[in-house]
Structures are given as structure tokens and as C-alpha cells.
Amino acid sequence: MKYSFKTDKGLKRLHNEDCCAVFMPDEKSCFAVVCDGMGGASAGDKASSMAVETIVERIKNGWRSDMSEDSMINLLLTTITAANIFVYDFSLSDEKYNGMGTTVVACLLTGNRAIIAHAGDSRAYFFDKDIIQITKDHSVVQDLLDKGQITTEQANYHPQKNYITRALGVDENIDIDFNSVDLTENSKILLCSDGLTNYLTDEEIFAIIKSEDDPAESLVREANFNGGGDNITAVVISIN
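My aim in this report is to walk through the structure given alongside it, one point at a time. (Residues numbered from 1 in each chain as written. Predicted model: local features only at pLDDT ≥ 70, side-chain atom pairs only at ≥ 80, totals over all residues. Heavy atoms only, no water.)

This paragraph deals with the pairing of strand 11 (residues 232–238). Within strand 11, seven of the seven residues are buried, which leaves the element mostly enclosed by the surrounding structure. Residues Ile232, Ala234, Val236 and Ser238 line one face of strand 11 and the alternating positions Thr233, Val235 and Ile237 line the opposite face, and both faces are buried. Here strand 1 (residues 2–8) pairs with strand 11 via seven bridges, running antiparallel. Paired with lysine 2 across the strands is serine 238, a residue of strand 11. Note that strand 10 (residues 188–192) and strand 11 share five bridges and pair antiparallel. Bridge assignment links isoleucine 189 to a residue of strand 11, and that residue is isoleucine 237. (Buried < 20%, exposed > 50% of the residue type's maximum accessible area, 1.4 Å probe, protein only. Helix = DSSP H or I, 4+ residues; strand = E, 2+ residues; numbered from the N terminus. Pairing = 2+ DSSP bridges.)

Dropping the structure here:
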């Protein structure tokens, strides 16, 4: 198992409000998290960094090598819930942090199973013989798509494209979605912020993941080449 990761402010933003972390709690397991902050530079990067630090600390403290799938889900749930409370309480401590929040997508992988938790529009993808988007965006545009009120093409240019309907730290409670995938020896998992997916197609992402030795670096470079209008973060976990 190996991983690569990269976060970059992009070409047009003054600050990087994304934050990520990845580590292996044991030789057969890996944990990764990506957060994309919101609420302005000081609040956005504070929210994402606080969330990542809290989540990583609690995953490390709660990890056991013999965890069942239910235990892994419970660890992710309690960890992200704790981070939500921490960021939310902090947002009330100073006016300049009011309204701060962050997306979150996290993956806990062990053996041949990966559990993904998310809130917001940062995504997880699964790669084997094809590319599959694991998560569904919590966004205004995704809701319109689900209702059949707009087409996929219209979604790409919709004026409310960046409006999300769930985030960590915005409310006292957080609603988290969970997904799981079975892994093979050739599987890869990508976690990323929308600064990547807004500037690369699924086909472009798949080609880079399949061919590059350091895919995260290459993904960020290509997103910048295509415009780099937002902060960009990519974490790629390879099973072999």
C-alpha cells in the first residue's frame, strides 16, 4: 500500500483554504481526509485545518487493527461529529469566524475494504478498471440534478454550482453519509476538493491515476494548467 497527496492554492486564490492529511495506522491500513474550508480566508483555512487536526488525532487514538466494519463506521461518525462540535463552538467565539465551516471527505481503509464518510462537495472516487464516483455531492446543483430540473451540462455552468447544502462546523449537528467499497490488488481511492473536479474531467483524472507514479502531484498540476481557479487538493491511495 502507498499514497501520494498534494494541496495547492491554485492560480487565482490568495490563500489555500483546503487542508488534508494521510497516514497508515498499520501496514495493512490507511486513513485520509480532505477538507475544503469556507467563510473567507481567515475563517475558511481555520475551519479546514481545525477539522483535519481533530479528526486525525481522534482516528489515531481510536484505531485498532482488528476493527470490524461497524466499528470503523462508528469511529468515523464519532470523530467527524466531534470535529463538527469543535469548529462550531469556535465559530461562536469571535465575530470574524461566524459562519465558518468546511466540507469533509474521509476514508478509512483496511485489508480489502474502504469506508468513506462525507459532508459537502469534496469527493471520493474508486479506480480499478474504470473510474467510479463513490460520493454524491451535497449541493444545490446536485439536488436540481436529482429532481431532473437541470441537465448535467447545465450543472457544469450553473450560477449556484458552489452552493453546498451540508458542511462541518456550520450547525450544532452534522448529517454524514457513509459508503463502502470492496478493494482488489489494483484498486485506488482518490479523495479531492472541488478545485480538482471543476477543472479536470473524470476521463482526465482516470488517465493520470492510471499512468503516473505520483498521481496527486500530476492531478494538481493539470488542474492548474486548465485554469486553477480554486484551491486544489488530491489524495491518492494505491492498494499495491
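Counting buried positions along strand 5 (residues 104–110) yields seven of seven residues, so the element is predominantly enclosed. Residues Val104, Ala106, Leu108 and Thr110 line one face of strand 5 and the alternating positions Val105, Cys107 and Leu109 line the opposite face, and both faces are buried. With six bridges joining them, strand 3 (residues 29–38) and strand 5 adopt antiparallel strand pairing. Pairing of alanine 32 across the sheet is with cysteine 107, part of strand 5. As judged from the seven bridges shared by strand 5 and strand 6 (residues 113–119), these two strands associate in the antiparallel manner.

If you walk across this open sheet you meet the five strands as 1-11-10-7-8, and the pairing is antiparallel. Each of the sheet's edge strands pairs with one partner strand only, and the pair in question is strand 1 and strand 8 (131–133). Averaged over neighbouring strand pairs, the angle between their axes works out to 15° when direction is ignored. (Axes fitted to C-alpha atoms, helices over the stretch in contact; angles between N-to-C directions.)

For the rest of this paragraph, the subject is the pattern of salt bridges. Once their charged atoms are close, side chains differing in charge can pair, the charge on each being opposite to the other. Considering all chains together, one arrives at nine salt bridges under this definition. A salt bridge links aspartate 230 to arginine 13, with the nearest nitrogen and oxygen atoms 3.2 Å apart. Residue aspartate 230 is found in the loop between helix 7 (215–225) and strand 11, and its partner arginine 13 is found in the loop between strand 1 and strand 2 (18–23); the two are separated by 217 residues along the sequence. Here aspartate 230 falls in the buried class, since its relative accessible area comes to 12%. Arginine 13 sits in the partly exposed class, given a relative accessible area of 36%. Sharing partners across several salt bridges, the network here consists of Glu69, Arg113 and Asp182. (Salt bridge = Lys/Arg side-chain N within 4 Å of Asp/Glu carboxyl O.)

Further remarks concern the environment of isoleucine 174. Note on placement: isoleucine 174 falls in the loop between helix 4 (152–156) and strand 9 (177–182). Given the relative accessible area of 17%, isoleucine 174 is considered buried. In this structure the C-alpha to C-alpha distance between isoleucine 174 and threonine 81, which are 93 residues apart in sequence, comes to 6.7 Å. Excluding residues within four positions of it along the chain, isoleucine 174 makes contact with Ile80, Thr81, Asn84, Ala119, Ala167 and Leu168. (Contact = heavy atoms within 4.5 Å.)

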